[in-house]
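Report on the structure
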Amino acid sequence: VIAALLVVPVLKGGGTLARQAAALVSAVVFPVLAMTWQLDRWRKKAPHRGGSLLRILSDGVGALTVTVLLSLIGGFYVGDVRFLLEMEIYRGVKLTFVAPLLLISLPYLARFNLFEESGEPGGLWRQVVKMLDYPVCLKTLIFFALGAVVAWVYVGRSGHTAGVPVPAAELKLRAFLENAMYARPREKEFMIAHPAFMLSVMALYRRWPRVLHFIL
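For clarity, every value in this text was computed on a predicted model and none was experimentally measured.

Scoring rules and cut-offs
Residues numbered from 1 in each chain as written. Predicted model: local features only at pLDDT ≥ 70, side-chain atom pairs only at ≥ 80, totals over all residues. Heavy atoms only, no water. Helix = DSSP H or I, 4+ residues; strand = E, 2+ residues; numbered from the N terminus. Buried < 20%, exposed > 50% of the residue type's maximum accessible area, 1.4 Å probe, protein only. Contact = heavy atoms within 4.5 Å. Salt bridge = Lys/Arg side-chain N within 4 Å of Asp/Glu carboxyl O. Patch = residues over 30% accessible without salt bridge, like charges linked within 9 Å, V, L, I, M, F, W, Y side chains within 5 Å. Areas by Shrake-Rupley, 256 points an atom, 1.4 Å probe, with all protein chains shown as cover. Axes fitted to C-alpha atoms, helices over the stretch in contact; angles between N-to-C directions. Parallel < 35°, antiparallel > 145°, perpendicular 65-115°, else oblique. Left-handed = near helix turned anticlockwise from the far one by under 90°. Nonpolar A, V, L, I, M, F, W, Y, C, P; charged D, E, K, R; others polar. Arc of directions from axis to C-beta.

Take the overall build of the protein chain next. The number of helices and strands found in the protein chain is twelve helices and zero strands. Counting from the amino terminus, helix and strand elements in the protein chain follow one another as α-α-α-α-α-α-α-α-α-α-α-α. Counting across all 216 residues of the protein chain, residues that qualify as buried make up 26%. Here the contacts in the protein chain between residues at least 6 apart in sequence split such that 67% fall between residues at least 24 apart.

Attention shifts here to the pattern of salt bridges. Under the counting rule described, the total for this entry stands at two salt bridges. Asp-40 is paired through a salt bridge with Arg-111; the nearest N and O atoms lie 2.4 Å apart. A residue pair is termed long-range when its members are at least 10 positions apart, and Asp-40 in helix H2 (residues 16–44) and Arg-111 in helix H7 (residues 105–111) qualify at 71 residues. A relative accessible area of 25% places Asp-40 in the partly exposed class. With a relative accessible area of 18%, Arg-111 lands in the buried category.

A few words on a nonpolar patch on the surface. Together, Val-136, Leu-138, Leu-141, Ile-142 and Leu-146 make up a nonpolar patch on the protein surface, roughly 530 Å² of accessible area in all. Structurally, Val-136 can be placed in the loop between helix H8 (124–132) and helix H9 (138–156).

On to the packing of helix H3 (residues 53–72) against helix H11 (residues 187–205), then. Where H3 meets H11, the closest approach of the two axes is 9 Å, and the angle between their N-to-C directions is 130°. Here H3 is positioned oblique relative to H11, judged by the angle of their axes. Along this stretch, H3 crosses H11, giving a crossing that reads as right-handed. Along the contact surface, H3 presents Leu-53, Arg-55, Ile-56, Leu-57, Asp-59, Gly-60, Val-61, Ala-63, Leu-64, Thr-67 and Val-68, while H11 presents His-194, Phe-197, Met-198, Val-201, Met-202 and Tyr-205. Split by residue class, the contact of H3 with H11 holds twelve nonpolar, three polar and two charged.

A few words now on helix H6 (residues 93–103). For an α-helix, the turn length of 3.6 residues means that residues three or four places apart are oriented alike. Inspection of H6 places Val-93, Thr-96, Ala-99 and Pro-100 among the buried residues, and these make up the whole buried set. The buried residues of H6 occupy one face: seen down the axis, they fall within an arc of 120°. The elements touched by buried residues of H6 are H2.

Next up, the structure:
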């Protein structure tokens, strides 16, 4: 229904704002929906304790492939040649990087108990209150300080405006990937997100602390 309404200004020859709105919502919502589906799959079919490395890799690669394909559905609402050629600038890049990470926390806390290893969910609001009541010690402050630095680099390296400078080594890596591959993959995906996804599968099999699985 929303797409039918937004297509009207597009068919009339304009619709830049409609395209940007659809792209922003799709880039935020579809990855969250894909990961929510994956959370339901993990919850309904919890893996047995242990598991060989081959089993973890095969399960992780299969789950990652399906999740990526589900996320790509949103790509049909994002692509437009004027944005690809930068005749028009897509607004909301930084929000696209932050909002999915925040939104996926809600279905995760509704499905998993962050403080207990039981399979029963702990309740979204009750877990939020428990996190707010968590005692703060020095190592917790150091952990959040490191997280703030990572978030600053993560957000600052995105978007069309100047931000965190790119190291020379990474520029060489980008040039190598552009020459070696048909299309250069995004470093945030294949160097951070995909390994974290595989480690999250291992966290389920090896019964790592639930908080670590949540972070991954």
